[in-house]
Protein chains: 2
Amino acid sequence: MKAQIYVTLKKTVLDPQGATIARALQSMGHPEIAGVRQGKFFEIEIAEGTPKEALSAGLNRIAEDVLANPVIEEYRVEILD
Amino acid sequence: MKAQIYVTLKKTVLDPQGATIARALQSMGHPEIAGVRQGKFFEIEIAEGTPKEALSAGLNRIAEDVLANPVIEEYRVEILD
């Protein structure tokens, strides 16, 4: 089983890195790019035999405590089969 | 319109950062985590009135030339409405 955790800056937090990428792309001849925000994601391999019920709570705790900074970032957890 | 580009290390490339995260999580009481691979993603805001036909080719070129290093990374482009 696999899970994915996506971490992005909150909409209200400035993303200067994304803004720089957007400007660079525009100057490279991609006027269709209006904005870029960068995030990170984690592909997580889940050990065999893990009960699916407890998994979601555990992954949310991992995202909240370790992978994201909840002050400025938000996260999304997806469990794949 | 929005698009997302996901960039990950190729399966054959070692991801020491992901391995470190996995070990840390296991030692923090998450034995269900068998492995972690880290990637990045880009949320792209597309300018109004961009024709959808040309968009996919343009985004693939951006991913290939700018956002990913095709020697060690692979990417996936998703166009959302």
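Presented here is an overview of the structure given in this document. All figures in this text were calculated on a predicted structure; none of them were measured in a lab.

1. A word on helix α1 (residues 16-27) of chain B
Over its 12 residues, α1(B) runs 16 Å from end to end, which matches the ideal 16 Å to within 8%, given 1.5 Å per residue. Taken residue by residue, α1(B) has Gly18(B), Ile21(B), Ala22(B) and Leu25(B) as its buried positions. Down the axis of α1(B), the sector holding all buried residues measures 100°, keeping them to one side. Projecting away from the buried face of α1(B) at angles above 90 degrees are the exposed residues Pro16(B), Arg23(B) and Ser27(B). Those residues of α1(B) hidden inside the fold are in contact with β2 (33-46) and α2 (52-67) of chain A together with β2 (33-46) of chain B. At the C-terminal side of α1(B), Gly29(B) shows a positive phi close to 95°.

2. Thoughts on the pattern of salt bridges
All names here are of chain A. The final tally for this structure, using the stated rule, is 6 salt bridges over all chains. Among the ionic pairs, glutamate 45 bridges to lysine 2, the shortest N-O distance being 3.9 Å. Taken together, the residues span a long stretch of sequence, with glutamate 45 in strand β2 and lysine 2 in strand β1 (residues 2-9) at a distance of 43 residues. Owing to a relative accessible area of 33%, lysine 2 belongs among the partly exposed residues under this scheme. Where glutamate 78 meets arginine 76, a salt bridge forms, and the shortest distance between an N and an O atom there is 3.4 Å.

3. Quick word on the packing of aromatic side chains
Summed over the entire model, instances satisfying the criterion amount to 5 aromatic pairs over all chains. Grouping aromatic residues by their ring pairs yields a cluster made of Tyr6(A), Phe41(A), Tyr6(B) and Phe41(B). We note Arg76(B) situated over the ring of Tyr6(B); from NZ or CZ to the ring centre the distance is 4.3 Å.

4. Quick word on the pairing of β1(A)
Residues and elements named next belong to chain A. The buried fraction of β1 amounts to 7 of the 8 residues, a majority that puts the element mostly inside the structure. The pairing of β1 with β2 spans 7 bridges and is antiparallel. Paired with valine 7 across the strands is lysine 40, a residue of β2. Where β1 lies against strand β3 (residues 73-80), 8 bridges are found, and the strand directions are antiparallel.

Conventions and cut-offs
- Residues numbered from 1 in each chain as written.
- Chains lettered and ligands numbered in written order.
- Predicted model: local features only at pLDDT ≥ 70, side-chain atom pairs only at ≥ 80, totals over all residues.
- Heavy atoms only, no water.
- Helix = DSSP H or I, 4+ residues; strand = E, 2+ residues; numbered from the N terminus.
- Expected span 1.5 Å × (residues − 1).
- Buried < 20%, exposed > 50% of the residue type's maximum accessible area, 1.4 Å probe, protein only.
- Arc of directions from axis to C-beta.
- Contact = heavy atoms within 4.5 Å.
- Salt bridge = Lys/Arg side-chain N within 4 Å of Asp/Glu carboxyl O.
- Phe/Tyr/Trp six-rings, centres within 6.5 Å; stacked < 30°, edge-to-face > 60°.
- Lys NZ or Arg CZ within 6 Å of the ring centre and 35° of its normal.
- Pairing = 2+ DSSP bridges.

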